[in-house]
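# Fold and contact review
Chain by chain, the residues:
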2 protein chains.
Amino acid sequence: MSITSDILRGHTEAIILSHLLEQDSYGYQINKDIMKKTENRYELKEATLYSAFKRLEQAGYIRTYWGDETVGARRRYYAVTENGRKAYQSYKREWEEAKTIIDQLLK
Amino acid sequence: MSITSDILRGHTEAIILSHLLEQDSYGYQINKDIMKKTENRYELKEATLYSAFKRLEQAGYIRTYWGDETVGARRRYYAVTENGRKAYQSYKREWEEAKTIIDQLLK
DNA sequence: CAACATACCTCGCCTGTCAAGGTATATTTT
DNA sequence: AAAATATACCTTGACAGGCGAGGTATGTTG
């Protein structure tokens, strides 16, 4: 991993929501997907992931259900709710604004 | 202020260094300048500012000296060191990479 | 003379990250 | 068959940065 977590801090929830908007998924898979998407430049650590799930669920942005695996370990799937969809749009706008501001300040 | 602090977190030191690279300055002024530069969309809170100064000085990225004001309150000026200049370049590269990664993940 | 602006600074809480640990099942290697 | 690895879940507690709230001192303005 080459990116320090403090810079990514605060984006975890948006990253998860974005990923779940593509399709429902589960913790272990999301962790692997993020690494793959970023070619190992960024890893969303498991502990970070699960604490974000908790916040997202409490906020009503995601809901969960158990997969019906007949083989292998059980999987807890996550799905974005309607409120989550809206929250994602808001996160995204915030990111665009933050990007502009930081770019302005780091000249 | 419209940008949440968690998104800006971790950029404080880079923002300060960038500002000081333009010219030496002091706490109160930097605080005002950042607000002006961002048209009040972002405020670097004083407590945040001073704790960042401490870290930057401890890291050897800035040095300080007292202004020679004959009127008004005394001012503690900050100046970027050579190491600070290098650190800034590093922060900047990190920011560019983080930007790419987040843009990739928030589709 | 009260209020506000300039200028400095500290303390302690809050929150997100994550190392380290744990559980259980399935597959692959020795 | 035992050991190692991979898949999958989860919690605890430490740590660090941000910042609200508070403090000090001087100068200016209504």
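Here, the structure is the one placed above.
All of these numbers come straight from a predicted model, not from anything done at the bench. (Residues numbered from 1 in each chain as written. Chains lettered and ligands numbered in written order. Predicted model: local features only at pLDDT ≥ 70, side-chain atom pairs only at ≥ 80, totals over all residues. Heavy atoms only, no water.)

Two packed helices can be described by the angle between their axes and the distance between those axes. Interhelical geometry of helix α5 (residues 82-105) of chain A versus helix α5 (residues 82-105) of chain B gives an angle of 165° and a closest axis separation of 12 Å. Here α5(A) is positioned roughly antiparallel relative to α5(B), judged by the angle of their axes. α5(A) and α5(B) meet at a crossing whose hand is left-handed. The residues of α5(B) that touch α5(A), namely those facing Trp95(A), Glu96(A), Lys99(A), Ile102(A) and Asp103(A), are Trp95(B), Glu96(B), Lys99(B), Ile102(B) and Asp103(B). (Axes fitted to C-alpha atoms, helices over the stretch in contact; angles between N-to-C directions. Helix = DSSP H or I, 4+ residues; strand = E, 2+ residues; numbered from the N terminus. Parallel < 35°, antiparallel > 145°, perpendicular 65-115°, else oblique. Left-handed = near helix turned anticlockwise from the far one by under 90°. Contact = heavy atoms within 4.5 Å.)

To continue, consider the relation of the copies chain A and chain B. Once turned by 180° and shifted 0.0 Å along the axis, chain A lies on chain B with an RMSD of 0.0 Å. Here the two chains are linked by the operation of a two-fold rotation axis. For chain A, the minimum C-alpha distance to the rotation axis belongs to Arg9(A) and amounts to 3.5 Å. (Least-squares fit on C-alpha atoms with pLDDT ≥ 70 in both.)

Residues and elements named next belong to chain B. Counting buried positions along strand β3 (residues 76-80) yields four of five residues, so the element is predominantly enclosed. Judged from the two bridges that link them, strand β1 (residues 25-26) and β3 form a sheet pairing that is antiparallel. Bridged to Ser25 within β3 is Tyr78. In this sheet, β3 lies alongside strand β2 (residues 62-66) in antiparallel orientation, the contact comprising five bridges. Paired with Arg63 across the strands is Ala79, a residue of β3. (Buried < 20%, exposed > 50% of the residue type's maximum accessible area, 1.4 Å probe, protein only. Pairing = 2+ DSSP bridges.)

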